[in-house]
Amino acid sequence: MDPKTLIVHKGGCHCKNVRWEVDAPSSVIVWKCNCSDCSMRGNTHFIVPSTQFKLIGDCEKFITTYTFGTHTAKHTFCNVCGITSFYTPRSNPDGIAVTVNCVDPGTLTHVEIKQFDGRNWDRAKTRILVSCGES
């Protein structure tokens, strides 16, 4: 299978009230962020375009959203078990950050972990834009 081929991954929160599907490769790069929120939650995630993510069933009634600072990031979590299985990241407000540990077992074949310096967000964002030729 081509590593860029998208497959359907399913996942959700601990109590299974929040469930979703995401189209992503079987091999993903995940980001371990050290911002104040991610470091407290131990969040490690990969980001996909929002068009590749969909909620399953009527789980929206179990989702609560928390914002702070610029209010760009939308930190969503289950209002029953408290797990953040996905959220809208500040670094990519048109995408969805999927918590890698919330993906159901069996579809991810490789996970590479990279560090993101969210504690120094403006400097880290500049480095990403420069490396992508968007400065």
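Residues numbered from 1 in each chain as written. Predicted model: local features only at pLDDT ≥ 70, side-chain atom pairs only at ≥ 80, totals over all residues. Heavy atoms only, no water.

**Considering the overall build of the chain**
The criterion, for reference: Secondary structure follows DSSP: runs of H or I at least 4 residues long count as helices, runs of E at least 2 residues long count as strands, and numbering of each begins at the N terminus. Any residue under 20% of the maximum accessible area for its type is buried, any over 50% is exposed, and the rest in between are partly exposed; the area is computed with a 1.4 Å probe on protein chains only. Any two residues whose heavy atoms approach within 4.5 Å at even a single point are treated as in contact.
Looking only at helices and strands, the chain has two helices and ten strands in total. For the chain, the residues scored as buried account for 36% of the 135 residues in total. In the chain, the share of contacts with a sequence separation of at least 24, taken over all contacts with a separation of at least 6, comes to 55%.

**Some details on the packing of aromatic side chains**
To keep things clear, this is the line we draw: Only Phe, Tyr and Trp rings are paired, with Trp represented by its six-membered ring, and only when their centres lie within 6.5 Å; those with planes under 30 degrees apart are stacked, over 60 edge-to-face, the remainder tilted.
For the structure shown, the criterion picks out four aromatic pairs. Between Trp31 and Phe116, the ring centres sit 6.4 Å apart and the planes meet at 85°, which makes this aromatic pair edge-to-face. A residue pair is termed long-range when its members are at least 10 positions apart, and Trp31 in strand S3 (residues 27–33) and Phe116 in strand S10 (residues 110–116) qualify at 85 residues. Since its relative accessible area comes to 29%, Trp31 is described here as partly exposed.

**Considering the sheet that holds strand S2 (residues 19–24)**
Rule in force here: Should DSSP find at least two bridges between two strands, the strands are taken to pair. Fitted lines through C-alpha atoms give the axes, limited to the stretch in contact for helices. The angle between two N-to-C directions lies from 0 to 180 degrees.
Here we have three strands laid out as an open sheet, ordered S1-S2-S5, and antiparallel in their pairing. Strand pairing shows two members of the sheet lacking a second neighbour, strand S1 (7–12) and strand S5 (53–55), which therefore form its edges. Ignoring strand direction, the axes of neighbouring strands in this sheet form an average angle of 20°. Pairing geometry for S1 and S2, over six bridges, is antiparallel. Within S2, the position partnered with Gly11 by the bridge is Trp20.

**Side note on the nonpolar core**
Side chains that are nonpolar tend, in soluble globular proteins, to be buried together. To keep things clear, this is the line we draw: Definition used in this section: a nonpolar core is a set of buried Ala, Val, Leu, Ile, Met, Phe, Trp, Tyr and Cys residues joined via side-chain atoms within 4.5 Å.
By size, the foremost hydrophobic cluster in this structure holds 19 residues, and its most contacted members are Val18, Trp20, Phe46, Phe53 and Val98. Mapped onto this core, the elements with two or more residues apiece are S2, S3, strand S4 (44–49) and strand S9 (95–99). At three residues, S2 tops the list of elements feeding residues into this core. Formed by six residues, the second largest nonpolar core is a distinct cluster that contains Cys33, Cys35, Cys38 and Ala97.

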